[in-house]
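Descriptive analysis of the structure
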Amino acid sequence: MNVDNCPKCGRLYVKNIMDLCQPCIKELENQYAICAEYLRKNRGTNIQELSDATEIPIKEITRFIREGRISIANAPNMMLPCEVCGTLIREGHMCDSCRSRLSKELNRAAAETAAANEPKSGNKSAYRAVDKFRN
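To start, this report covers the structure provided alongside it. Computed from a prediction, not measured in an experiment: that's the story for all the values here.

What follows concerns the overall build of the protein. The secondary structure content of the protein amounts to five helices and four strands. Secondary structure elements of the protein, listed N to C terminal, follow the sequence β-β-α-α-α-β-β-α-α. The buried share of the protein, taken over its 135 residues, is 23%. Nonlocal contacts in the protein, meaning residues at least 24 apart in sequence, comprise 24% of its contacts between residues at least 6 apart. Taken as a whole, the protein presents about 9900 Å² of accessible surface, with 52% of it coming from carbon and sulfur.

Right, here's the structure in full:
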């Protein structure tokens with residue numbers, strides 16, 4: 001059997017797709033139902049208001065949004081935090097600023113790696129080895 005400790009409560013449980021024990025899954029489902037009900041009655045709410053009103057952490061609400069269980073398409077004020085800096089965004093995992101910075105850093109790292117792997121001019125050791133075999 002594949003068992004582990006629940007990351008939320010520490011109980012021993014049989015591993016499953018949710019990576020939580022059954023009592024924590026039940027609690028999570030209850031939290032989702034509370035959020036969904038509140039959003040049905042208060043369509044103009046934002047994530048902070050939802051968290052304050054339901055006493056459900058923003059982290060869990062964000063999880064529901066990322067899983068597609070809560071749709072922000074019809075909720076104009078609902079935004080989730082960028083996973084890097086926390087700026088509120090409507091889609092994806094990162095804001096434009098963090099995405100741009102990451103892209104620049106990746107391009108710079110790729111250029112540095114390519115430059116480090118290029119043969120140096122003036123390095124004739126490969127030619128010397130060939131010359132030795134010719135004689």
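There is more to say, and it comes next.
Our focus in this paragraph is the packing of aromatic side chains. Tallying each qualifying case throughout the model produces one aromatic pair. Its end group placed over the ring of tyrosine 32, arginine 69 keeps NZ or CZ at 4.3 Å from the ring centre.

Definitions and limits used
Residues numbered from 1 in each chain as written. Predicted model: local features only at pLDDT ≥ 70, side-chain atom pairs only at ≥ 80, totals over all residues. Heavy atoms only, no water. Helix = DSSP H or I, 4+ residues; strand = E, 2+ residues; numbered from the N terminus. Buried < 20%, exposed > 50% of the residue type's maximum accessible area, 1.4 Å probe, protein only. Contact = heavy atoms within 4.5 Å. Areas by Shrake-Rupley, 256 points an atom, 1.4 Å probe, with all protein chains shown as cover. Phe/Tyr/Trp six-rings, centres within 6.5 Å; stacked < 30°, edge-to-face > 60°. Lys NZ or Arg CZ within 6 Å of the ring centre and 35° of its normal.

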